[in-house]
Amino acid sequence: MSIVMSVNAGSSSLKFQVFSMPEEKVLAKGLVERIGLPDSIFSITVDGKKTETVCDIPDHKVAVDMLIKALIDKGVVKNLDEIEAVGHRMVHGGEYYSDSVKASPEAEANFEKCIPLAPLHNPAGLVGYRSFREALPRASHTFVFDTAFHQTMPEKAYMYGLPYEYYDKYKVRRYGFHGTSHSFVSKRAAELAGKPYDQVKTIVCHLGNGASICAVENGRSVDTSMGLTPLEGLVMGTRSGDIDPAILEFVSKKEGLDIAGLMNMLNKKSGVFGLSNNLSSDFRDLEEGMDSGNNEAKTAFEVFCYRVAKYVGSYAAAMNGVDMIAFTAGIGENSGTVRAYVMKYLGYLGITLDEEANKKRGEEIAISTADSKVKVMVIPTNEELAIARETVALV
Ligand code: ADP
């Protein structure tokens, strides 16, 4: 047995899980929130028992020291040497990485070069990694990139209709995100359907606060809805997804917004939140709003689902067919209403919904009928476990 941690560092947060491998048993999991702000929150769950501490945690280094001390205090490990490896979720690996890698000065330098592509996420990943490396110098560390799975996309899928020199000079192209989830869920879909992963066409709908769709053909990502950044594609919780780029000039003039103001609007004030007239970015609230006759909530819900259905259609075209569709993440796993609404558009693919099965929440289940031409499934994603598996495979 070996103990492996998977870590996801955000700018003010740190999520972690501790696994014993290869059994894949979760020994502990937790979250540090509001790092660098007053009243930071540290929570850790061991054996189903959650403890929460509120105190000031000024930076990631302090957060890491605190969580490691908690692992010892709670008996998860006896000493630090028991933690053999730490897998770090790193957002943007650019064109450098089509797979996870062992951390090294070279990997760190390459990752640093991708900071302009993900100015908010990549620095957080680095700070997290460096804090853990200092705290656990004898452990092996790995980088697991959100973009890596999509590096198999062909040029025709990743190039924008922009001057070529921007690709040449700055690597402006589509990269895609949620790769760890799309890979995990598409593999699991093949397993559950009893089909060889390298001979099957799958569309994965990762529908959470951030949402993206991926076309996986014969085990390789061939297209995905997010682009240079996670703003492209689906309508999301607060992100616009695809829009006419000329809207920016129009709104900028009307509202007197500069680039930062426009980006803030597109990332934080749009999506179903903006569409619902600021009611909520959460589908539980939108569905409740719809049920009580709120028209904007209904519009937001319909726009979201319609966009998902259109992407599914375009990826069925891109792969010249589809064998399986998988729903995952917060909305995909929990909202039968969203799934049913999306599937209403997919009858032409020979899909029929099993309404009873679709009522289930958060479990692995087929929601298409036995005679449906395409198998539709709900598959809970598990990015932490995927990171731990990748890490074991590397070290
Ligand atoms: P992310 O990881 O991108 O922050 P998640 O995958 O955790 O997001 O998804 C969070 C979203 O899932 C919530 O904002 C909410 O819209 C949706 N969600 C969670 N539970 C339910 C539910 N029971 N019914 C409908 N939507 C849900």
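For the structure itself, consult the block above.
Notes on the structure follow.

What about the sheet that holds strand β7 (residues 101-102)?
In step 1: Strands sit in the order β5-β4-β3-β2-β1-β6-β8-β7 across an open sheet of eight strands; the sheet is mixed. Only two strands of the sheet have a single partner each, and these edge strands are β5 (49-55) and β7.
In step 2: With five bridges joining them, strand β1 (residues 2-9) and strand β6 (residues 83-90) adopt parallel strand pairing. Bridging across to β6, Ile3 finds its partner in Ile83.
In step 3: Packed onto the sheet, helix α2 (residues 105-113) meets β6, β7 and β8 (140-145) and runs at close to 30° relative to β8.

What to know about the layout of surface pockets
In step 1: Approximately 510 Å³ is the volume attributed to the second largest pocket.
In step 2: Counting only elements with at least two residues in the lining of the second largest pocket, the list comes to β8, α6 (179-193), β11 (220-224) and α14 (383-394).
In step 3: No other element matches α6, which puts seven residues into the lining of the second largest pocket.
In step 4: Residue composition of the lining of the second largest pocket, by class: eight nonpolar, eight polar and seven charged.
In step 5: Here the lining of the second largest pocket spans two domains, since at least three of its residues come from each of domain 1 (2-145) and domain 2 (194-383).

Points about the side chain of Ser270
In step 1: With respect to the helices and strands, the residue Ser270 is situated in the loop between α8 (259-268) and α9 (271-275).
In step 2: Here Ser270 falls in the buried class, since its relative accessible area comes to 11%.
In step 3: A polar contact of 2.7 Å, which involves the side chain of Ser270, links it to the backbone oxygen of Met265.
In step 4: Once residues lying within four places of it in the same chain are set aside, the contact partners of Ser270 are Gly237, Thr238, Arg239, Ser240 and Met265.

Looking at the pairing of strand β2 (residues 14-21)
In step 1: Most of β2 sits inside the fold, with seven of its eight residues counted as buried.
In step 2: Bridge count between β1 and β2: eight bridges; the pairing is antiparallel. Bridge pairing in β2 links Asn8 to Lys15.
In step 3: Taken together, β1 and the strand that follows it, β2, pair antiparallel across an intervening segment of four residues.
In step 4: Where β2 meets strand β3 (residues 25-33), seven bridges bridge the pair, whose relative direction is antiparallel. When the bridges of β3 are listed, Phe16 appears paired with Gly30.
In step 5: Taking the residues between adjacent antiparallel strands as the criterion, β2 and β3 are bridged by three residues, where Glu24 takes a positive phi near 65°.

Some words on the environment of Asn122
In step 1: Structurally, Asn122 is set in helix α3 (residues 121-135).
In step 2: Considering only alpha carbons, one finds Asn122 and Ser280, 158 residues apart in sequence, at a separation of 28 Å.
In step 3: Not counting chain neighbours up to four residues away, the residues in contact with Asn122 comprise Val91, His92, Phe111, Cys114 and Ile115.
In step 4: Within the local environment of Asn122, its side chain forms a polar contact with the backbone nitrogen of His92, the two atoms lying 3.0 Å apart.

Describing the packing of aromatic side chains
In step 1: Summed over the entire model, instances satisfying the criterion amount to 16 aromatic pairs.
In step 2: With 6.3 Å between their ring centres and 40° between their planes, Tyr96 and Tyr97 make a pair best called tilted.
In step 3: Ring centres 5.7 Å apart and planes at 70° place the aromatic pair Tyr311 and Tyr315 in the edge-to-face group. Pair noted here: Tyr311 and Tyr315 are both in helix α11 (residues 295-318), with a separation of four residues, about one helical turn.
In step 4: We classify Tyr311 as buried; its relative accessible area is 14%.

Remarks on empty space enclosed by the protein
In step 1: Scanning the entire structure with this criterion turns up one cavity of 30 Å³ or more.
In step 2: Looking at the largest cavity, its volume works out to about 40 Å³.
In step 3: Here the residues of the lining of the largest cavity sort into seven nonpolar, no polar and no charged.

Regarding the site of the ligand
In step 1: Around the ligand, a shell composed of 13 residues is seen, among which Asn209, Gly210, Phe283, Gly330 and Arg361 lie nearest.
In step 2: The separation between a nitrogen atom of the ligand and a polar side-chain atom of Arg361 is 3.3 Å.
In step 3: Compared with its free state, where it exposes 580 Å², the ligand has 71% of that area covered by protein.
In step 4: Among the secondary structure elements, those contributing two or more residues to the shell around the ligand are α10 (283-291) and α12 (329-334).

Details of the packing of α11 against helix α13 (residues 336-343)
In step 1: Contact geometry for α11 and α13: axes closest at 9 Å, N-to-C directions at 55°. Compared by their axis directions, α11 and α13 come out oblique. Crossing geometry of α11 relative to α13 is assigned as right-handed. Contacts between α11 and α13 involve Phe301, Glu302, Phe304, Cys305, Val308 and Ala309 from the former and Thr337, Val338, Tyr341 and Val342 from the latter.
In step 2: When grouped by side-chain class, the residues that make up the contact of α11 with α13 number eight nonpolar, one polar and one charged.

About the thresholds
- Residues numbered from 1 in each chain as written.
- Predicted model: local features only at pLDDT ≥ 70, side-chain atom pairs only at ≥ 80, totals over all residues.
- Heavy atoms only, no water.
- Pairing = 2+ DSSP bridges.
- Helix = DSSP H or I, 4+ residues; strand = E, 2+ residues; numbered from the N terminus.
- Contact = heavy atoms within 4.5 Å.
- Axes fitted to C-alpha atoms, helices over the stretch in contact; angles between N-to-C directions.
- 1 Å grid on protein atoms, 1.4 Å probe; cavity = no way out; pocket = protein on both sides within 12 Å on 5 of 7 lines; lining within 4 Å.
- Points joined across faces, edges and corners; volume = space filled by probe spheres on them.
- Nonpolar A, V, L, I, M, F, W, Y, C, P; charged D, E, K, R; others polar.
- Domains from an automatic or database assignment.
- Buried < 20%, exposed > 50% of the residue type's maximum accessible area, 1.4 Å probe, protein only.
- Polar contact = N/O pair within 3.5 Å; in protein donor to acceptor, adjacent residues only side chain to side chain.
- Phe/Tyr/Trp six-rings, centres within 6.5 Å; stacked < 30°, edge-to-face > 60°.
- Near = heavy atom within 4 Å.
- Areas by Shrake-Rupley, 256 points an atom, 1.4 Å probe, with all protein chains shown as cover.
- Parallel < 35°, antiparallel > 145°, perpendicular 65-115°, else oblique.
- Left-handed = near helix turned anticlockwise from the far one by under 90°.

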